[in-house]
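Okay, here's what each chain looks like letter by letter:
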Amino acid sequence: YEAISIKQKRSETINRKKTSGIWIYAEHKNGIMHPVVYELLGKGRELADKSNHKLTAVLIDGESSHWAKELIAYGADRVILCSHALLESQQDEYHFDAMTTILEEEIPTIFLFGATSFGRSLAPRIAARLQTGLTADCTRLEIDDVCGYLYQTRPAFGGNLMATIMCPDQRPQMATMRPGIMNAKEPDYYREGTVKRVNYKGEIKPRIEIIKEIIGEKKKSIGDASVIVSAGRGIGSQKNMKLVRRLADILEGQVGVSRPLVDIGWSEYSHQIGQTGAIVRPQLMIACGISGAIQHLAGIADAKTIIAINTDPEAPIFSVANYKIIGDCVEVLEMLIRSDREK
Ligand code: FAD
């Protein structure tokens, strides 16, 4: 009980602090900044400009941190830098403790994290410490520039609806943002910003000891593919999915699908493209038997060249396609595969 009341007192003190703009958490590992950080800076900058706030990047790092200039170039007005040898590793108990030290001086109005394994572990602890809410795995963020409310949208009920959540009373408003959805801004290395250093003593005894880190083979993510051959219900049968995979292999690309194919078990969810699946940005996309429902188009808006194959000349997919093939996608796939064999 004593421990709980000490914690409560600490969060009450923290919650009385004046709030100071929009913060993003700059996650990095083994000398590499996570790509979601640049996306958070891009989104954070947009929200900050709209609501007249400053954008701060929180950088918790080992003793020889060199990232501050980079974070400012990508949009931060200020970097809060907390360095200590113990913070070199991604031991989240140390990072949480360092974060608590930072929050004892000031708290943000909005605090954003990447929805990565590390962000998903750290952000809820901070939300609990600050006794505020957290919307996990957001796919969209908007700000009301009058009252400053953050509208945090995320898929709910297994992706069957999009829920927009807001946190009217407590501060900060906190969210984790799904990687690969937002756009980073071009860096400007002439941008100027400030760096605030926070002293960290590293006095806690962590309950977890990292003995060894085993890094699994990184699966290719469809979000990174430069060529995608995607299939919708018009592919007709699970057997025909072989043709889609074959053409994707020939083009050294990956397979994507519309949601019904995941629902009926013809494909894994990791291949689903759209509002409740992956957002993709390929150079070339061949869409086979996909109608082009709005929820699917939400995932392919940044595809460079789209070739759509559909029997229905009125199919909405044709409105976003660069090349249209009106016909049976199975026949077209067989033809394309045959023409590769004949080469
Ligand atoms: P259909 O709409 O059934 O279209 C099949 C198409 O194939 C038709 O255009 C038809 O003309 C064509 N066709 C038929 N036979 C052939 C043939 N032999 N050759 C060529 N063409 C042929 N969907 C997603 O894809 N991704 C999402 O993330 C997603 N999220 C959703 C979230 C919510 C909240 C909701 C409500 C829905 C979501 N959906 C999503 C579902 C979406 O609304 C559509 O139902 C779905 O995209 C349709 O998939 P489809 O195009 O494969 O199937």
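Residues numbered from 1 in each chain as written. Predicted model: local features only at pLDDT ≥ 70, side-chain atom pairs only at ≥ 80, totals over all residues. Heavy atoms only, no water.

As annotated in an unreviewed UniProt entry, the chain carries the name Electron transfer flavoprotein alpha subunit apoprotein and is attributed to Tindallia magadiensis.

Draft legend 1. Inspection of the overall build of the chain at higher detail. Assigned secondary structure in the chain consists of nine helices and 17 strands. Looking at the chain residue by residue over its 343 residues, the buried ones come to 49%. For the chain, the share of sequence-separated contacts (at least 6 apart) that also reach a separation of at least 24 residues comes to 64%. Carbon together with sulfur atoms contributes 51% to the accessible area of the chain, which is approximately 18,200 Å² in total. (Helix = DSSP H or I, 4+ residues; strand = E, 2+ residues; numbered from the N terminus. Buried < 20%, exposed > 50% of the residue type's maximum accessible area, 1.4 Å probe, protein only. Contact = heavy atoms within 4.5 Å. Areas by Shrake-Rupley, 256 points an atom, 1.4 Å probe, with all protein chains shown as cover.)

Draft legend 2. Broad picture of unusual backbone geometry. With an omega dihedral of 0°, the bond running from R171 to P172 counts as a cis peptide bond. As for its placement among the helices and strands, P172 is situated in the loop between β10 (161–165) and β11 (173–177). For Q131, which is not a glycine, the phi torsion comes out positive at approximately 50°. Locating Q131 in the fold gives a position in the loop between α5 (117–130) and β7 (134–138). What makes Q131 partly exposed here is its relative accessible area of 38%.

Draft legend 3. Structural context of helix α4 (residues 92–103). With 12 residues, α4 should reach 16 Å at 1.5 Å per residue; the first-to-last C-alpha distance of 16 Å fits that figure. Counting buried positions along α4 yields 11 of 12 residues, so the element is predominantly enclosed. All of the buried residues along α4 are D92, E93, Y94, H95, F96, D97, A98, M99, T100, I102 and L103. (Expected span 1.5 Å × (residues − 1).)

Draft legend 4. Region of the structure containing the site of the ligand. Near the ligand there are 28 residues, and of these R233, S258, T276, S291 and N310 occur at the shortest range. Note that an oxygen atom of the ligand is positioned 2.9 Å from one of the side-chain N or O atoms of Q272. Contact distances for the ligand include 3.1 Å between an oxygen atom and a backbone N or O atom of G289. Calculation on the ligand without its partners gives an accessible area of 980 Å², and the protein chains cover 76% of this total. Mapped onto the shell around the ligand, the elements with two or more residues apiece are α7 (259–263), α8 (294–297) and β16 (305–310). (Near = heavy atom within 4 Å. Polar contact = N/O pair within 3.5 Å; in protein donor to acceptor, adjacent residues only side chain to side chain.)

Draft legend 5. The arrangement of the packing of aromatic side chains in detail. Scanning the entire structure with this criterion turns up five aromatic pairs. Between the aromatic rings of F111 and F113, the centroid separation amounts to 4.5 Å while the plane-to-plane angle is 45°, which identifies the pairing as tilted. You'll find F111 and F113 in the same group, each marked buried. Chaining the aromatic ring pairs together yields one cluster made of W23, Y25, F111, F113 and F118. (Phe/Tyr/Trp six-rings, centres within 6.5 Å; stacked < 30°, edge-to-face > 60°.)

Draft legend 6. Here's a closer look at the environment of L243. The topology assignment puts L243 in helix α6 (residues 241–250). Under the relative-accessibility criterion, L243 is labelled buried at 18%. Considering only alpha carbons, one finds L243 and L336, 93 residues apart in sequence, at a separation of 9.7 Å. With near-sequence residues (within four places) excluded, L243 lies in contact with V330, L333, E334 and I337.

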